[in-house]
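# Chain and residue survey
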Amino acid sequence: MNAKQIVRLSNIIGITSILLLVYWVFTFILIEVFGLKVFRENMTESFYLSVLGILALMAGSLIVNLMFNLTRIAEKHNLDAVNDKSNKFRILTLVLIFPLIAIILFGGDYLTSAKKEERLIKSAESIIAVNKMNSDKLVNYSFSESYIKETADILDILSKTDKNFPNVTVIVKDSVKGSKVYLGFSDYYEGSLKDTIHPQKKRYIYQTTKEERDYLNNVFEKESNELRYSSHNGYYELFYPYKKNGKKIILYFSEEQRYGKIGS
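Residues numbered from 1 in each chain as written. Predicted model: local features only at pLDDT ≥ 70, side-chain atom pairs only at ≥ 80, totals over all residues. Heavy atoms only, no water.

## So, the sheet that holds strand β2 (residues 179–185)
Here is the rule: DSSP-based pairing: two strands are paired if at least 2 bridges between them are found. Helix and strand labels come from DSSP, where a helix needs a run of H or I of at least four residues and a strand needs a run of E of at least two; each type is numbered from the N terminus. Whenever a helix is involved, its axis is fitted only over the stretch in contact; in every case the axis is a line through C-alpha atoms, and angles between N-to-C directions fall within 0 to 180 degrees. By definition in these notes, contact holds between two residues if any of their heavy atoms fall within 4.5 Å.
Read from one edge of the open sheet, five strands run β2-β1-β5-β4-β3, paired in antiparallel fashion. Since the sheet does not close on itself, it has two edges, and those belong to β2 and β3 (228–232), each with one partner. Each strand axis lies, on average, 25° off the axis of its neighbour in the sheet, ignoring direction. Two elements, β3 and strand β4 (residues 235–244), share five bridges in a ladder whose sense is antiparallel. Bridging across to β4, Ser230 finds its partner in Glu237. Set on the sheet, helix α6 (residues 210–221) makes contact with β1 (167–176), β2, β3, β4 and β5 (247–256); between it and β5 the angle comes to about 150°.

## Digging into α6
The following threshold applies: By this rule the span expected of a helix is its residue count minus one, scaled by 1.5 Å. In this scheme, a residue with accessible area under 20% of its type's maximum is buried, one over 50% is exposed, and one in between is partly exposed, where area comes from a 1.4 Å probe on protein chains only.
Over its twelve residues, α6 runs 16 Å from end to end, which matches the ideal 16 Å to within 8%, given 1.5 Å per residue. Within α6, the full set of buried residues consists of Glu212, Tyr215, Leu216, Asn217, Val219 and Phe220. Looking at the packing, one finds that the buried side of α6 touches β1, β2, β3, β4 and β5. Two residues or fewer past α6, Glu223 is found with a positive phi of approximately 60°.

## Things to note about the pairing of β4
Burial analysis of β4 places seven of its ten residues in the buried class, which makes it a mostly covered element. Connecting β3 to the antiparallel partner β4 that follows it, the hairpin turn spans two residues, and Asn233 within it adopts a positive phi of roughly 50°. Two elements, β4 and β5, share ten bridges in a ladder whose sense is antiparallel. If you follow Leu238 over to β5, its bridge partner there is Phe253.

## Quick look at the confidence of the model for the protein chain
The condition is simple: The quantity called pLDDT is the predictor's confidence in a given residue, expressed from 0 to 100.
A residue-level look at the protein chain finds 72% of positions with pLDDT of 70 or above and a mean pLDDT of 76. Here helix α2 (residues 41–68) stands out as the least confident element of the protein chain, with mean pLDDT 65; α6 is the most confident, with 91. Scored below 50 in pLDDT, residues 70–82 makes eight contacts in the model with residues more than four places away or belonging to other chains.

## With respect to helix α4 (residues 132–139)
Here is the rule we go by: Arc definition: it is the arc formed by the directions from the helix axis to the C-beta atoms.
Among all positions of α4, only Ser135, Leu138 and Val139 are buried. Looking down the long axis of α4, one finds its buried residues gathered within 90° of arc, a one-sided arrangement.

## Details of a nonpolar patch on the surface
Applied cut-off: The patch calculation keeps residues exceeding 30% relative accessible area without a salt bridge and links them within 9 Å when they carry like charges or within 5 Å when they are nonpolar (Val, Leu, Ile, Met, Phe, Trp, Tyr). Reported accessibility uses the Shrake-Rupley method at a 1.4 Å probe radius. Residues are deemed covered only where the shown protein chains occlude them. Any Lys or Arg side-chain nitrogen located within 4 Å of an Asp or Glu carboxyl oxygen qualifies as a salt bridge.
On the surface, Val25, Ile29, Val33, Phe34 and Phe106 cluster together into a nonpolar patch covering about 450 Å² of accessible area. Considering each element in turn, the nonpolar patch owes the most residues, four residues, to helix α1 (residues 3–34). With respect to the helices and strands, the residue Val25 is situated in helix α1. Exposure remark for Val25: the relative accessible area of 35% places this residue in the partly exposed category.

## Describing unusual backbone geometry
Where the residue is not glycine, phi is negative for most of them; where a peptide bond is considered, it is trans in most cases. In this structure, Glu223 takes a positive phi of about 60° despite not being glycine. Unlike most non-glycine residues, Asn245 shows phi in positive territory, near 55°. One can find Asn245 in the loop between β4 and β5.

Structure (C-alpha cells):
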C-alpha cells in the first residue's frame with residue numbers, strides 16, 4: 001500500500017468517524033432531552049462507551065495524515081459534473097439519517113412504554129385473580145390498624161414472590177375532619193396491633209396532582225372503571241380500579257426504569 005492509498009484510507013476513516021460522532025451526539029441529545037428509554041442496560045452502556053472508540057478512530061486517522069504530510073489533489077475537471085451529482089446524493093442520504101435515528105429512538109421508547117403498561121396490567125390482574133382471598137381483604141376497607149397491617153403484609157408477600165414486582169399502593173376514598181381525601185397504603189407498616197397510639201389518617205393521605213384527582217373523582221364518585229397509565233422519563237405508573245360488593249379501591253402501580261427493552 002503506497003502513501004496515497006494510506007492517506008485515502010485515513011481520510012475515509014476520519015470522515016466516517018466524524019459522521020458517527022455527529023450522529024451519536026444527536027442520538028444522545030434526543031435520549032437525554034426527551035428522557036427516552038430505548039435500549040437494555042448492556043446495550044446502553046456499550047452505546048455510551050462507543051464514543052471513545054469513535055474518538056480513537058478520529059485521532060488515529062489524523063496522526064496518519066500528519067505523519068505522511070500529504071493532501072488530496074482535486075478531482076479532474078471533466079469529472080466535476082458527475083461528482084457533483086454523486087455528492088448531492090450522498091449529502092441527502094446523510095441528512096435523512098437524522099430523522100431515521102429520531103424515528104428509531106421514539107419508536108423504541110414507545111415500545112418500552114407499551115411493554116411496561118402490559119406488565120403492570122398483568123401484575124394488577126394477578127393480584128386479583130391469583131390472590132382472590134387477599135383481593136377481597138384489600139377491597140374491604142375500614143380505617144383500622146388491622147386493615148393497614150394486613151394490607152402491608154399482603155403487598156409485602158407479593159413483592160417478595162416476584163423480584164420484578166413493581167411498587168404497589170392501595171388507594172381508598174375517605175375524609176379527614178369533613179374534607180374529602182384519598183388515603184394510600186403500601187407494603188410498609190411500622191407498628192404493632194398492641195400499640196396504644198392508634199394510626200392517624202393524616203399520615204396516609206395520598207398526595208395527588210389535579211389530573212390525578214380528576215381521575216380519582218371519576219372512579220370513586222362517577223363509577224368509572226377506566227385505567228390510567230402514564231410514563232415520563234423512565235417513570236411508569238398505572239391506576240387500576242377494583243370493585244367488589246359495592247366497595248371500590250384503586251391499585252396504584254409505580255416503577256422507575258433506567259433502561260429500555262430493545263437489545264440483549
